Amino acid sequence: MATEVMPYSPPEATATRADRGRVVIAVLALGWLAGVLWRLWLGSPITHPIAHADEDSYMNAARAIAGGPEGFSSETPLFRRIGYPLLVSPAFLFGPDFATSYKIVHVINAVISALSLPLAYLLARRMFGLTTGLALAAAFVAGTVPAGVFWSLVGMTDSVMAPLMLGWFLAIHRWVGAPARSGAAITVGVMTGVLYLVHIRGTILVGVYFAFLAFLLIRKRVGRRAAGLSLVPLTLAVVLNQVVILLIGDRVHLRGDIVGGGTMAVFTEIQRLQVFIASFGTNVWYLCVVTGGLAGLAWVATTVEMFRPARDAAFRWTAGLALGSTVGVGLGAAVVLAGLVDTQSDALYSRYVQVFVPFWILFGFAVLADRRLRTLVRYALVPVLVLVVGGLVIAYRLRYVAERGHELSYGMFGGPDLMTMTAGWTDFRPYVGTAIGLAALAVLLAATRVRRLVIPVMVVVVLVNGVTMAVMRDRLIEPIGSRFSLPVDLGELGVGPDDEISYTRRISNEAYYVLYHDVYWTEFTPVGEDDVPPPNIEVMIGRYHPGEKLHWDGAEHGFTLLQASDEAHIAVWRRG
């Protein structure tokens, strides 16, 4: 009978590994905490929702879940998801007013968003097999990338999507690597269910997951029992979404229709088909620009691995799932954008694919660290092609539309990171974006050929991320935060839950959206077309334009002026 002898491990080696593990945990914990504080600082100029009307919709739903008053939502019955409002609803239980509740929402966002750092580290170690030092550096890059950080500053689903995506890929990799583990299968189901609960993108990802699950079953990578287990929490998530919606009832009234009026015509009308192709192509180009071409390298590496396997099945199929998910969400977003009616087409709307940026930039650095220069140069042909052709086509589209007297929509929420990187504060600059992407790719390819420079290069990228966010705070976040912060404080004027309050029509959008939330005890609705307040109204918000026809004089209706603002063009009046 043979005797199995365990290999001898010197106490010093064991102690060294334990010490290294504690150091890594400490670095990740401190990095997470720093990430939370950094996000709170970046978002400090924002006191009220700025992304209208999506952000208002989520806040209104969260307020209703917490037992607050009615409110509107721009969601549609088909696309409505309750996960994010459910997550942040405790903020409206403990906040004495909206401003406080909104800050608690920011804290919740920051705490979850900063988890991108440890999740990226685990992916770097387990999926990509990077050394501890490389994994930490790459994780800090992924955890600070502006595409993931920006959305944590607003009360929207995107604030938590990036870490959810990293967690989903991590769970998938663990399960495919150990398909017999019931816990791994259940974890995948939980993560897929949470993604479904959070946003319509989760529905697309559920579809991708079903196709992936069928593939795994056909290839006999997982058993039917494990596959069934993974579907249990997903089913519960779907049920939970509908149950909470039913419990809320009509306390949140929807302003959206079933789907975009032109969705069914996307593939039958030439103009809508062009918008569909342009939207998808622009987002592919965007992903290559903001990752310095690394996303393109990762796409090629994934495709090569699918047809000429060199790694284990867990790596191969997780990478394939990530690529399929990116394409699926990109196509889904393009269909939605092309189907919109009565709106301008977007020059850039990268919001839906931004959640994949942390994963692809992490993957890209893993490719740089693992491939020889000759292989990388071949791989680089794809991102170079995407960047050059994409930039030319986008520039042609902008010029073509302008020559016909039209313009494409371009604004802060279409791609705040790209806007900041290219200094495109007022105009979309595709040539600048292409130049940045090409230059970054060339520098990364050259610098990382020297092994000792790989980590320093990643540190530089982290610093660039930090500078980009600081500039974004100065040029985008502070101005829009100031725009949606009124010089009128209802609480200081003695206006509160005991007051019946209303407003005159045609006040500014800024005043309407701010006051809609500041009046947290009831739904903020206008008086009739005649602007005459009914007898039960005790406080009125009126248009303030002295000497102009638009001005509303509360004194004519028996009200006393409490405060007027020339800046916001509103006045607060109390009856009597």
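For clarity, every value in this text was computed on a predicted model and none was experimentally measured.

(A) Examining the layout of surface pockets more closely. As a volume, the second largest pocket reaches approximately 630 Å³. Contributing elements (two or more residues each) for the lining of the second largest pocket: α13 (270-290) and α17 (373-403). Grouping the constituent residues of the lining of the second largest pocket by class yields 14 nonpolar, 7 polar and 3 charged.

(B) The pairing of strand β4 (residues 539-543), seen in detail. Most of β4 is tucked away: 5 of the 5 residues are buried. Pairing between strand β3 (residues 501-503) and β4: 3 bridges, direction parallel. Counterpart to Ile-501 in the pairing with β4 is Val-539. In this region the chain leaves β3, passes through helix α21 (residues 509-518) and returns to the parallel neighbour β4; the handedness of that crossover is left-handed. By the bridge criterion, 5 bridges tie β4 to strand β6 (residues 570-575) in an arrangement that is antiparallel.

(C) Fine view of the environment of Val-450. When you line up the elements, Val-450 lands in the loop between α19 (430-447) and α20 (454-483). Along the sequence, Val-450 and Lys-549 sit 99 residues apart, while their C-alpha atoms lie 71 Å from each other.

(D) Quick peek at the confidence of the model for the chain. Mean pLDDT for the chain: 93, with 96% of residues reaching 70 or above. Between residues 1-6, whose pLDDT stays under 50, and residues either more than four places distant or in other chains, the model counts 0 contacts.

(E) Spotlight on empty space enclosed by the protein. In total, this model carries 1 cavity of 30 Å³ or more according to the counting rule given. In this model, the largest cavity occupies a volume close to 40 Å³. Lining the largest cavity are Ser-279, Thr-282, Asn-283, Leu-337, Asp-346, Ala-347, Leu-348, Tyr-349 and Arg-397. In terms of residues, the lining of the largest cavity owes the most to one element, α13, which gives 3 residues. When the residues that make up the lining of the largest cavity are grouped by side-chain class, the tally is 4 nonpolar, 3 polar and 2 charged.

(F) Quick peek at the pattern of salt bridges. Under the defined criterion, the tally for this structure stands at 12 salt bridges. Two residues, Glu-403 and Arg-404, come together in a salt bridge whose shortest N-O distance is 3.8 Å. Judged by relative accessible area, which is 57%, Glu-403 ranks as exposed. Arg-404 sits in the partly exposed class, given a relative accessible area of 46%. A salt bridge links Asp-531 to Arg-543; the nearest nitrogen and oxygen atoms lie 3.0 Å apart. In this pair, Asp-531 is assigned in the loop between α21 and β4 and Arg-543 in strand β4, connecting sequence segments 12 residues apart. Comparing Asp-531 with Arg-543 shows no difference in burial state: the two are buried.

(G) Looking closely at the sheet that holds β6. Taken in spatial order, the 4 strands of this open sheet run β3-β4-β6-β5, and their pairing is mixed. The open sheet has two edge strands with one neighbour each: β3 and β5 (559-565). The mean inter-strand angle of the sheet, taken between neighbouring strand axes irrespective of direction, is 20°.

(H) Geometry of the packing of aromatic side chains. Tallying each qualifying case throughout the model produces 30 aromatic pairs. Taking 6.2 Å as the distance between ring centres and 85° as the angle between the ring planes, the aromatic pair formed by Trp-552 and Trp-573 counts as edge-to-face. Residue Trp-552 is found in the loop between β4 and β5, and its partner Trp-573 is found in strand β6; the two are separated by 21 residues along the sequence. Pair check on accessibility: Trp-552 and Trp-573 agree, each one buried. Ring pairing ties together the aromatic residues Phe-128, Trp-168, Phe-169, Trp-299, Phe-315, Phe-359, Trp-360 and Phe-363, which thus form one cluster. Positioned above the aromatic ring of Phe-315 is the side chain of Arg-311, whose terminal nitrogen or guanidinium carbon lies 4.1 Å from the ring centre.

(I) Focus on unusual backbone geometry. Backbone torsion omega between His-52 and Ala-53 reads 5°, so that peptide bond is classified as cis. Within the secondary structure, Ala-53 sits in the loop between α1 (11-42) and α2 (54-65). The backbone phi angle of His-569 is positive, close to 60°, even though this residue is not glycine. Here His-569 is to be found in the loop between β5 and β6.

(J) Up close: the packing of helix α6 (residues 116-126) against helix α7 (residues 132-144). α7 packs onto α6 with a crossing angle of 140° between their chain directions and a minimal axis gap of 8 Å. Considering the angle they form, α6 stands oblique to α7. When the axes of α6 and α7 are compared, the crossing they make is right-handed. Listed contacts from α7 to Ser-116, Leu-117, Ala-120, Tyr-121, Ala-124 and Arg-125 of α6 are Thr-132, Ala-135, Leu-136, Ala-139, Phe-140, Ala-142 and Gly-143. Broken down by class, the residue content of the contact of α6 with α7 amounts to 9 nonpolar, 3 polar and 1 charged.

Basis of the calculations
- Residues numbered from 1 in each chain as written.
- Predicted model: local features only at pLDDT ≥ 70, side-chain atom pairs only at ≥ 80, totals over all residues.
- Heavy atoms only, no water.
- 1 Å grid on protein atoms, 1.4 Å probe; cavity = no way out; pocket = protein on both sides within 12 Å on 5 of 7 lines; lining within 4 Å.
- Points joined across faces, edges and corners; volume = space filled by probe spheres on them.
- Helix = DSSP H or I, 4+ residues; strand = E, 2+ residues; numbered from the N terminus.
- Nonpolar A, V, L, I, M, F, W, Y, C, P; charged D, E, K, R; others polar.
- Buried < 20%, exposed > 50% of the residue type's maximum accessible area, 1.4 Å probe, protein only.
- Pairing = 2+ DSSP bridges.
- Right-handed = clockwise from strand over helix to strand, strands pointing away.
- pLDDT = per-residue confidence, 0-100.
- Contact = heavy atoms within 4.5 Å.
- Salt bridge = Lys/Arg side-chain N within 4 Å of Asp/Glu carboxyl O.
- Axes fitted to C-alpha atoms, helices over the stretch in contact; angles between N-to-C directions.
- Phe/Tyr/Trp six-rings, centres within 6.5 Å; stacked < 30°, edge-to-face > 60°.
- Lys NZ or Arg CZ within 6 Å of the ring centre and 35° of its normal.
- Parallel < 35°, antiparallel > 145°, perpendicular 65-115°, else oblique.
- Left-handed = near helix turned anticlockwise from the far one by under 90°.

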